[in-house]
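Report on the structure
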Amino acid sequence: MSAGSKEEILAAAKRAAMAHGYNGLNFRDIAGEVGIKAPSIYHHFPTKADLGAAVAKRYWEDIVVDLNAISDASADPLKALRRYPEIFRKSLLNGNRMCLCSFMAAEYDDLPDAVMKEVQSFADVNVTWLSKLLSAAGVVKAKESETRARAIYSAVAGAQLFARGRSDISIFDAMIDSYRSAGLLPA
């Protein structure tokens, strides 16, 4: 199998996980979408846990690229912080999908350790990025930045979950505006 096949498998698995979580990763369905036989997936991913961990890792690595792009687009950390919810909004715009790692985190009891490690890495890279920018912008003192970053991450992920459950992105937008009005997110 080619590297292209591996990338197609990862892309199909990402779509499945964003719609159905870790438990939605079904080799037969993924193989059907990619146009290969299910046993061919085992060449790259010997177990469902291997596939789940690879998908979650790729997801958080892609988010790091997105976060860095936001930071690089503006020298002003406040402007970058204001754009943070866009990452979660993008998933909702993509067929009312959920952040892959948020979905998987909700399945905590069912996740193999390797998958949980990658899901936790997603939260960690978000909190680290937010914390760094909150400090740089002077929104909070450095010693308070991680706690505030966790609150922002949790609130934005929660807004996405709430909006997805109603299939209404305007709810997400209203909640983000409310967080800004309340002072949780920079206005």
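Data block above holds the structure.
Our subject in this report is the structure included herewith. Within each chain, residues carry numbers counting from 1 in the order of the written sequence. The predicted origin of the model limits local features to residues at a pLDDT of at least 70 and limits the giving and counting of side-chain atom pairs to 80 or more, whereas totals for whole chains, interfaces and linings rest on all residues. Heavy atoms throughout the structure, all of them, feed into the side-chain values; hydrogens and water do not.

**A closer look at the packing of helix α8 (residues 113-136) against helix α9 (residues 142-166)**
Comment: axis = line fitted to C-alpha atoms, over the contacting stretch for helices; angle = value between 0 and 180 degrees taken between N-to-C directions. Helix numbering and strand numbering both begin at the N terminus, where a helix is a DSSP run of H or I of at least 4 residues and a strand a DSSP run of E of at least 2. Packing of α8 against α9 leaves a shortest axis separation of 8 Å and a crossing angle of 130°. It follows that α8 is oblique to α9 by the angle criterion. With respect to the hand of their crossing, α8 and α9 are arranged in right-handed fashion. Between α8 and α9, the contacting residues are Phe122, Ala123, Asn126, Val127, Leu130, Ser131, Leu134 and Ser135 on the first element and Ala142, Ser145, Glu146, Arg148, Ala149, Arg150, Ile152 and Tyr153 on the second. Polar here means any residue outside two lists: the nonpolar Ala, Val, Leu, Ile, Met, Phe, Trp, Tyr, Cys and Pro, and the charged Asp, Glu, Lys and Arg; Gly therefore counts as polar. Considering only residue class, the contact of α8 with α9 consists of nine nonpolar, four polar and three charged. Oblique is the label for any angle not under 35 degrees, not over 145, and not in the 65 to 115 range, which are roughly parallel, roughly antiparallel and roughly perpendicular in turn. In a left-handed crossing the near helix is turned counterclockwise from the far helix by less than a right angle, and in a right-handed crossing that turn is clockwise. Contacts were defined at the residue level, with two residues in contact if any of their heavy atoms lie within 4.5 Å.

**Brief notes about the side chain of Glu107**
If you trace the backbone, Glu107 turns up in the loop between α7 (100-105) and α8. Relative accessibility under 20% of the residue-type maximum defines a buried residue, over 50% an exposed one, and the middle range a partly exposed one, all with a 1.4 Å probe and only protein chains included. A residue counts as positive if it is Lys or Arg and as negative if it is Asp or Glu; His and the chain ends are not included. We count a salt bridge whenever a side-chain nitrogen from Lys or Arg sits within 4 Å of a carboxyl oxygen from Asp or Glu. Lacking a salt bridge, the buried Glu107 has Lys48 as its closest oppositely charged neighbour, with an N-O distance of 7.3 Å. Glu107 has contacts with His20, Gly21, Tyr22 and Asn23, leaving out every residue within four places of it along the chain.

**Things to note about the pattern of salt bridges**
Using the criterion set out here, one finds eight salt bridges in the structure. Salt-bridge contacts for Glu7 lead to Arg58; the nearest nitrogen and oxygen are separated by 2.6 Å. One end of the pair, Glu7, is in helix α1 (residues 3-20); the other, Arg58, is in helix α4 (residues 48-73), with 51 residues separating them in the sequence. A relative accessible area of 29% means that Arg58 is categorised as partly exposed. Residues Lys57 and Glu61 are paired through a salt bridge, measuring 4.0 Å at the closest nitrogen-oxygen approach. You can see Lys57 and its partner Glu61 sitting in helix α4, four residues apart, about one turn around the helix. Judged by its relative accessible area of 36%, Lys57 is partly exposed.

Interpretation note: all reported values are geometric properties and have no functional meaning in isolation.
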